[in-house]
Amino acid sequence: MKLAAVVAALLMVLGFSSVAVAQTDCSKLVPASPWGPNDETGATNRVTPAVTKAAAAEIQEGKVIPLSYVLKDGVPLFGSRFTKTILTATTLAPGGALGENNLTYMEDTWLSQSHVGTHLDGMGHIGRQDCYYNRTAMGKYINQNYMTKLGLEHLKSFATRGVVIDAVKVFQAAGKLKTNSACKKPCLDKGTVITSADLQAGLKMYNVTLREGDIVVIHTGWGDLFEQFPAQNAVFNSGQPGIGKDAATWLISQKVVAVGSDNWAVEVIPGESPKEAFIVHNMLLTDNGIHIIENVRTDLIAAEADKTKRATFFFNMTVPRAYGLTGNFVGIDAIR
Amino acid sequence: MLAALCAVATALAAIESPLVAQERRYVVAFANLTEEPGLTLEGTGFTGREVRDSFVLAARSYPIDLVFYDNGRDCAGAPANVEDAIARKVDLFIQYCHQAPANAMVGEKLKAARIPVLAVNEAISDAPVYTLDNLAAGRLAGDALGAFATRTWRNQPVEGVIIGALTARGVPERARGAQERIVRHVAGARVASLDTQGNVGQVSPLLGKLLAARASSKILVAAMDDATALAAKSALESLGRLSDAAIVGQGLDRSIHGGMSDRKEIDPANRGSIVLGSVAFYLDRYGYEILPLAMRMLRGESVPARTVTPHRLVTAANVFFEYPPYDMQ
């Protein structure tokens, strides 16, 4: 009887464990990280001291060019996303100042989702089923408030070289630019697929060769609609030009750290296959730990590259070490 | 000598490979059934614009330059369209027209011009055809309704209703398929036919009259399109009979399913709806289905004589699998 109970218990354990394995065997869905089974960092592992030092050579004039949009009420946001600030300014009320020096102060409460405005997608943002970067079975590492694996706190530095690719110029030069009438400046229309050949043509325009650890910023002109907020929010959100699978594959092969663009998903929308959802996100983030940076302001750096015939810069961005977050809004500057 | 031959062969291969990779571009004409705004096709909620857009999007993945024509619903534009396409020396012509005489004329002219033709939803002599299957679509709806009744209303009186524009093109086959399968699942079930003649405003009075006479029955509603399915739900709601009915639509157009933010009736967060689902017709994916066939023809490969739309019942459980939403990121 006792033996039967032990055998039954053993069978139950085996049964449960096999079910658990079936649900969380991420080795079939996601590749292993090249930085080892415990890696939670991803492509910022490529930003070594040597990479940062080499990138510092890009700072020649001390000129700073913003790569982020101002985040304020009315900018395009997706669906139920929101960002709202509440100002606490009680000491400004009559009699509210403190001490003989009449000190006053103000603070903000920021009620916001993290993927708003110019923002970084972290390793925990996109998965395949419950499998995330480096075969992380995410179901075991989430609670109501945050992730306990793959959070932003694991990221290393983004102090590396940035390279702008002007897709508008590429398409103009090839005589294939189809713009959108809502754009005040030339832009690629929504649904336009940027291929690896387009990216390489853009690099060739400035005689740039990508190197391991670079961050690539693609100017599509679609950000012009973001700047027109709120007038063109619906058009901005209705689709976008962006990279397709072939371009993503090529960027992965170049071992970049991040890919940014002046639109809300970096990849082309509608996607190349109507049966796939945000497949480039899976390719870059889930499979290769390469960050995506959305709503990057690219028009100024593209104009600067055009004027100076130089498309490279020092990429200056810090990401809050916010525990367990899947991403966050960021401020970015190009320093030359 | 052998080494020299090998070297020559290698050199030739090196010369040839870029040519193979760099396939020539083809000009493909697509003569759409109609591009009249708001006019819907095939007894579904899809418009000609959606069909055309799907070709534009699908062509991004192929070395194809598209030339669009509008056959003008009754195919009055077909003669001029085919003449123009022949003058342009297009590589392939895709004809979407319901009129057999017009299609025969187009087929003959293209044959004389040695331009291959691919037909959509209506055969053109021996040309390959891509087509929907109304009977199969109706059967999927009938199966879904019948299985629901068997599961939910065992030992209760169950009846069926076929409702919609019952004489519209293709709809009689759709209705036959639905009826056939409802009866197969629910032995002895009566199935009534309610013809709205394409007027959705008729759904409520027709259904109301029927339900008044069937106060104690559970009702399986096979709606012949999505607009009718939604109107039927609304009617059942106002009659206080939501708990007595289940509905399946046909088409799966954008009136019945949406996205992450653009919520509609068939939605993962709305699994309790009495609209069990809708049978997908994928007219908004015709380009993705048809251009691969066109490419095979252009490359000289064989294609099936008849390729059928893979109709599928789409429910709250699989709608985001079938139609991944992109109003999110």
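Our structure is the block above this text.
The sections below set out a description of the structure shown in this document. Owing to the predicted nature of the structure, the values given are computational and were not obtained by experimental measurement.

### A word on the environment of B:Leu118
With respect to the helices and strands, the residue B:Leu118 is situated in strand S4 (residues 117–120). Here the alpha-carbon distance between B:Leu118 and B:Ala231, two residues 113 residues apart in the chain, equals 37 Å.

### Topic: a nonpolar patch on the surface
Taken together, A:Phe82, A:Ile86 and A:Leu111 make up a surface patch of nonpolar side chains, about 270 Å² in accessible area. For A:Ile86, a relative accessible area of 43% corresponds to the partly exposed category.

### Thoughts on the sheet that holds strand S11 (residues 306–308) of chain B
Residue and element names in this part refer to chain B. Strands sit in the order S2-S1-S3-S4-S5-S11 across an open sheet of six strands; the sheet is parallel. Of all strands in the sheet, those with a lone pairing partner are strand S2 (64–70) and S11, marking the two edges. Between one strand axis and the next, the sheet turns through 20 degrees on average, direction left out of account. In this sheet, S2 lies alongside strand S1 (residues 26–32) in parallel orientation, the contact comprising seven bridges. Across the sheet, Ala29 pairs through a bridge with Val67, a residue of S2.

### Considering the pattern of salt bridges
All names here are of chain A. One pass over the full model with this rule turns up 37 salt bridges over all chains. The partner of Lys176 in a salt bridge is Asp198, and the shortest N-O contact between them spans 2.8 Å. On the criterion of sequence distance, the pair formed by Lys176 in the loop between helix H3 (167–173) and strand S8 (193–194) and Asp198 in helix H4 (residues 196–205) is long-range, its members being 22 residues apart. Judged by its relative accessible area of 7%, Asp198 is buried. Members of the salt-bridge network, linked through shared partners, are Lys63, Glu304, Lys307 and Arg336.

### Considerations on the packing of aromatic side chains
Across all of its chains, the model carries 13 aromatic pairs over all chains by this definition. Look at B:Tyr69 and B:Phe93: their rings are 6.3 Å apart centre to centre, the planes differ by 25 degrees, and that puts the pair in the stacked class. On the criterion of sequence distance, the pair formed by B:Tyr69 in strand S2 and B:Phe93 in strand S3 (residues 92–96) is long-range, its members being 24 residues apart. The buried category is assigned to B:Phe93, whose relative accessible area is 1%. Ring pairs connect the aromatic residues A:Tyr69, A:Phe226 and A:Phe236, which therefore count as one cluster. Taking NZ or CZ as reference, A:Lys176 lies 4.4 Å from the ring centre of A:Phe171, over its face. Stacked on the ring of B:Tyr323, the Lys or Arg B:Arg285 has its end atom at 4.0 Å from the ring centre.

### Remarks on helix H8 (residues 226–238) of chain B
Within an α-helix, residues lying three or four positions from one another point in the same direction, as the helix has 3.6 residues per turn. Residues and elements named next belong to chain B. Between its terminal C-alpha atoms H8 stretches 19 Å, which fits the 18 Å expected from 13 residues at 1.5 Å a residue. Along H8, the residues that are buried comprise Asp226, Thr228, Ala229, Ala231, Ala232, Lys233, Ala235 and Leu236. Contacts from the buried residues of H8 go to strand S6 (158–164), helix H7 (203–213), strand S8 (218–223), strand S9 (245–251) and strand S10 (275–280). A side-chain oxygen of the first residue of H8 lies 3.1 Å from the backbone nitrogen of Ala227; this N-cap is Asp225. One or two steps after H8, the chain reaches Gly240, where phi turns positive at roughly 70 degrees.

### Quick word on the side chain of B:Asn32
Here B:Asn32 lies in strand S1. Within the structure, B:Asn32 has its side chain in polar contact with the backbone oxygen of B:Gly48 (distance 2.9 Å).

Conventions used here
Residues numbered from 1 in each chain as written. Chains lettered and ligands numbered in written order. Predicted model: local features only at pLDDT ≥ 70, side-chain atom pairs only at ≥ 80, totals over all residues. Heavy atoms only, no water. Helix = DSSP H or I, 4+ residues; strand = E, 2+ residues; numbered from the N terminus. Patch = residues over 30% accessible without salt bridge, like charges linked within 9 Å, V, L, I, M, F, W, Y side chains within 5 Å. Areas by Shrake-Rupley, 256 points an atom, 1.4 Å probe, with all protein chains shown as cover. Salt bridge = Lys/Arg side-chain N within 4 Å of Asp/Glu carboxyl O. Buried < 20%, exposed > 50% of the residue type's maximum accessible area, 1.4 Å probe, protein only. Pairing = 2+ DSSP bridges. Axes fitted to C-alpha atoms, helices over the stretch in contact; angles between N-to-C directions. Phe/Tyr/Trp six-rings, centres within 6.5 Å; stacked < 30°, edge-to-face > 60°. Lys NZ or Arg CZ within 6 Å of the ring centre and 35° of its normal. Expected span 1.5 Å × (residues − 1). Contact = heavy atoms within 4.5 Å. Polar contact = N/O pair within 3.5 Å; in protein donor to acceptor, adjacent residues only side chain to side chain.

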